[in-house]
Amino acid sequence: MSDFVKNRARPEIFTLKPYVPGKPIEEVKRELGLEDVIKLASNENPLGPSPLAMAAVAAALPDLSLYPDANCYLLKQKLASHLSVDAAEILVGNGSDEILMMLATAFLNRGDQVIYGTPTFSEYEITARIMGAECLEVPLVDFTHDLEGILAAINERTKMVYLCNPNNPTGTIVSRSAVQNFMERVPDHVLVVFDEAYGEYAESPEFISGYKYVKEGRNAIVLHTLSKIYGLAGLRIGYAFTTSDIAQAVERVRDPFNINNLAQVGARAALDDTGHLQQSREVNRQGKQYLYDSFEKMGLFYVPTEANFIFVDTGRNCRTVFQALLEKGVIIRTGDVFGHPDFIRVTIGTAEQNQRFIESLAQVLGE
Ligand SMILES: *Cc1c(COP(=O)(O)O)cnc(C)c1O
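Here goes a summary of the coordinates provided. The structure presented is a predicted model; accordingly, all values stated were derived computationally and were not measured. (Residues numbered from 1 in each chain as written. Predicted model: local features only at pLDDT ≥ 70, side-chain atom pairs only at ≥ 80, totals over all residues. Heavy atoms only, no water.)

**What about the nonpolar core?**
Here is step 1 of the chain: Phe182, Phe194 and Leu226 are the most contacted members of the largest nonpolar core, which has 54 residues in total.
Here is step 2 of the chain: Broken down by element, the residue count for this core peaks at 6 residues, all from helix 11 (residues 261–272).
Here is step 3 of the chain: Each of domain 1 (3–48 + 275–366) and domain 2 (52–272) contributes no fewer than three residues to this core.
Here is step 4 of the chain: Beyond its immediate stretch of four places on either side in the chain, phenylalanine 194 contacts Leu163, Val179, Met183, Gly210, Tyr213, Ala220, Ile221, Val222 and Leu223. (Core = buried A, V, L, I, M, F, W, Y, C linked by side-chain atoms within 4.5 Å. Buried < 20%, exposed > 50% of the residue type's maximum accessible area, 1.4 Å probe, protein only. Helix = DSSP H or I, 4+ residues; strand = E, 2+ residues; numbered from the N terminus. Domains from an automatic or database assignment. Contact = heavy atoms within 4.5 Å.)

**Here we look at the environment of serine 84**
Here is step 1 of the chain: Mapped onto the secondary structure, serine 84 falls in the loop between helix 4 (73–83) and strand 2 (90–93).
Here is step 2 of the chain: Setting aside chain neighbours within four positions, we find serine 84 in contact with Tyr211 and Lys215.

**Side note on the layout of surface pockets**
Here is step 1 of the chain: Reported here for the largest pocket is a volume of approximately 860 Å³.
Here is step 2 of the chain: Tyr19, Val20, Phe121, Ser122 and Arg333 are, among the 38 residues lining the largest pocket, the residues nearest its centre.
Here is step 3 of the chain: Taken together, the elements giving at least two residues each to the lining of the largest pocket come down to helix 5 (96–107), strand 3 (113–118) and helix 6 (123–130).
Here is step 4 of the chain: Taken domain by domain, the lining of the largest pocket gets at least three of its residues from each of domain 1 (3–48 + 275–366) and domain 2 (52–272).
Here is step 5 of the chain: Reported here for the second largest pocket is a volume of approximately 240 Å³.
Here is step 6 of the chain: For the second largest pocket, the lining is made up of 15 residues, of which His82, Leu83, Glu200, His224 and Tyr239 are closest to its centre.
Here is step 7 of the chain: Counting residues per element, the ones that place at least two in the lining of the second largest pocket are helix 4, strand 7 (220–225), strand 8 (238–242) and helix 12 (274–298).
Here is step 8 of the chain: Within the lining of the second largest pocket, the residues separate by chemical class into 8 nonpolar, 4 polar and 3 charged. (1 Å grid on protein atoms, 1.4 Å probe; cavity = no way out; pocket = protein on both sides within 12 Å on 5 of 7 lines; lining within 4 Å. Points joined across faces, edges and corners; volume = space filled by probe spheres on them. Nonpolar A, V, L, I, M, F, W, Y, C, P; charged D, E, K, R; others polar.)

Remember that the coordinates give geometry; whether it matters functionally is a separate question.
Given below as structure tokens:
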């Protein structure tokens, strides 16, 4: 590193561990000389985008010479009616990742503290650290967020608590009563960030959205994304529901043209496609059952999931399993980055993909 960078860049950036993305299909094809590769590594929708969204995006191509609507007027109207909230209570980001970064930029100073469970989604740590905030990690208990532990860790320097529900990578949810109890006791100087990227997949009656608490005027924000069940990860779009007060503060740090033309029209169409949403849920439900049954037959421990991925104990070093699966053209995620070196996280795919994954896994574990 040059002296210039060492002395002039903000010291916080050198504390960051880079985000580890799922390995792209094309990269695996190139590196291993494979032709047929499936990716069950990034919790993308195996059915692809909604056909309505694809048509809307194609129809918007002639508008690419124009700047997008900086205020996302039509999209915010659509989201407002979709959620039964006011458009002023909605934020839209270039993926919910960007909303996390905007939240950190708007709220966090050096010396502030944030709290989240571990393992969880890594962007909370990354965005908080960029701003110089201190990160306090509270270990999950039974693969589930320990809300009592988080409450006990809160102090006067705590600015945000992140709650990924269902949690990535474990797929677990916190129970209704645990969330209720938490919200009754969390002090008002803390912003509670409910990341519900997988909320649309949750089937348990124990799942509760943070929506209710924003409605009550609490200092809370609920994040959603179009990248997962809506199948638009490549367009980069996510949204949040929060108080108009908090929304206005975050708007101050937003890049004016953060949502491109195609993402705006694609998202609007995807939100209307309830058929695609239901079909995606159904495919996930069936795939989940097939994978549960298969893991049980193979004698593998897994964490029951409320999302579109499963955290499973292979009983082997995950890097070895990962590499062997890769050579069979199946990309999954390793658990070592989440502190579980024998686990893998697999996205629930189509019936065909799930079967190919299970056959490949059985071969790898049998070798
Ligand atoms: C995938 C994911 C996101 C964000 O996705 P975007 O593509 O940036 O919208 C946010 N939170 C969790 C927990 C995720 O898994």
